[in-house]
Amino acid sequence: MSKAFTRESDGDDEDDLPEESGGLPITAKNYMTPEGFARLRDELDAFLRKERPEVVKVVSWAAGNGDRSENGDYIYGKKRLREIDRRVRYLSKRLANAEVVDSAKRGKTDKVFFGATVTTATEKGEERTVKIVGVDEVDLAKGHVSWISPIAKALLRAEEGDVVKLRTPAGVEELEIVKVEYR
């Protein structure tokens, strides 16, 4: 095969990589809590107002030093700029497509909807609490699960006192909904 139509790459061309999908199905809306929206907006602002301008200064200074092929500040700076720009594009798209759902505005209800904090009990009496949030807000250490996760799908639209079935790798697990809160 002729090498005329093949592309040589040094392996650092990250701009050709596909952007993250964020785990959200293509047809689904990007629901977010107000707190999650604010956190992503703050992250975007920090990149645009602080980190990116600082890296641009370093790259400009390093470019003025001459030979760029062996200049670590220039090489690292350009790589970091690509990473920042990729994250900025991702955050901008996620925020532009976000649909903020404020669970505090929901009337008093015992039904599980987006933004609910749900306490469940297993057949063995073990309790666990999860909060149903957007895909960009998942934090298992805090008990925040995505609204498209299996546990959230099992809980959604159920009421306090209901028993729902959750399919797990170990089999079907029954969870009783002990408490539903909207904080």
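Residues numbered from 1 in each chain as written. Predicted model: local features only at pLDDT ≥ 70, side-chain atom pairs only at ≥ 80, totals over all residues. Heavy atoms only, no water.

S.K.: Please give an account of the packing of helix α1 (residues 34-63) against helix α2 (residues 72-96) that cites residues and values.
M.R.: One way to put it is that α1 packs onto α2 with a least axis distance of 9 Å and a crossing angle of 155°. Between α1 and α2, the interaxial angle falls into the category roughly antiparallel. The hand of the α1/α2 crossing is left-handed. (Axes fitted to C-alpha atoms, helices over the stretch in contact; angles between N-to-C directions. Helix = DSSP H or I, 4+ residues; strand = E, 2+ residues; numbered from the N terminus. Parallel < 35°, antiparallel > 145°, perpendicular 65-115°, else oblique. Left-handed = near helix turned anticlockwise from the far one by under 90°.)

S.K.: Talk me through the pairing of strand β7 (residues 171-181); I want residue IDs and the actual numbers.
M.R.: Of the strand pairs in this sheet, strand β3 (residues 117-121) and β7 are connected by 5 bridges, and their pairing is antiparallel. The residue bridging Ala121 from the neighbouring strand is Glu176, located in β7. Pairing of strand β6 (residues 163-168) with β7 involves 6 bridges; the strand directions are antiparallel. Looking across to β7, one finds that Val163 is bridged to Glu176. Linking β6 to β7, which pair antiparallel, is a turn of 2 residues. (Pairing = 2+ DSSP bridges.)

S.K.: Outline the packing of aromatic side chains, supporting the account with residue identities and numerical values.
M.R.: Applying the stated criterion across every chain, the model contains 2 aromatic pairs. Ring geometry for Tyr31 versus Trp147: centroids 5.2 Å apart, planes at 75°, classification edge-to-face. Here the residue Tyr31 occupies a position in strand β1 (residues 30-32), and Trp147 occupies one in the loop between β5 (144-146) and α3 (150-155), the gap between them amounting to 116 residues. The class for Tyr31 is partly exposed, based on a relative accessible area of 23%. A network of ring pairs unites the aromatic residues Tyr31, Phe114 and Trp147 as a single cluster. (Phe/Tyr/Trp six-rings, centres within 6.5 Å; stacked < 30°, edge-to-face > 60°. Buried < 20%, exposed > 50% of the residue type's maximum accessible area, 1.4 Å probe, protein only.)

S.K.: An account of the side chain of Thr120 is needed here, citing residue identities and associated values.
M.R.: Its place among the elements puts Thr120 in strand β3. Ignoring any residue separated from it by four or fewer positions in sequence, one finds Thr120 in contact with Glu126, Glu127, Arg128, Leu155, Leu175, Glu176, Ile177 and Val178. (Contact = heavy atoms within 4.5 Å.)

S.K.: Could you give an account of the pattern of salt bridges, with specific residues and numbers?
M.R.: According to the stated counting rule, one finds 10 salt bridges in the structure shown. One salt bridge connects Glu83 with Arg80, and the closest N-O pair in it is separated by 3.0 Å. Here Glu83 and its partner Arg80 are both found in helix α2, 3 residues apart, which amounts to about one turn of the helix. The residue Arg128 makes a salt bridge to Glu173 at a minimum N-O spacing of 3.9 Å. Taken together, the residues span a long stretch of sequence, with Arg128 in strand β4 (residues 127-133) and Glu173 in strand β7 at a distance of 45 residues. (Salt bridge = Lys/Arg side-chain N within 4 Å of Asp/Glu carboxyl O.)

S.K.: Which residues make up the nonpolar core, and what values do they have?
M.R.: Formed by 21 residues in total, the largest nonpolar core has its most connected members in Val112, Val118, Ile132, Leu155, Val164 and Ile177. Listed by contribution, the elements that provide at least two residues to this core are β4, α3, β6 and β7. For this core, the element with the most residues is α3, which contributes 4 residues. In terms of nonpolar packing, the next biggest core, distinct from the first, is built from 16 residues, Met32, Leu40, Leu95 and Ala98 among them. (Core = buried A, V, L, I, M, F, W, Y, C linked by side-chain atoms within 4.5 Å.)

S.K.: Summarise α1; cite the residues concerned and give the values.
M.R.: Under the 1.5 Å per step criterion, the end-to-end length of α1 is 42 Å for 30 residues, consistent within 8% with the ideal 44 Å. Taking the largest bend as the criterion, α1 deviates by roughly 40°, centred on Phe47. Taken together, the buried positions of α1 are occupied by Gly36, Leu40, Leu44, Phe47, Val55, Val59, Ala62 and Ala63. Elements that come into contact with the buried residues of α1 comprise β1 and α2. (Expected span 1.5 Å × (residues − 1). Bend = angle between axes of the 7 residues up to and from the residue.)

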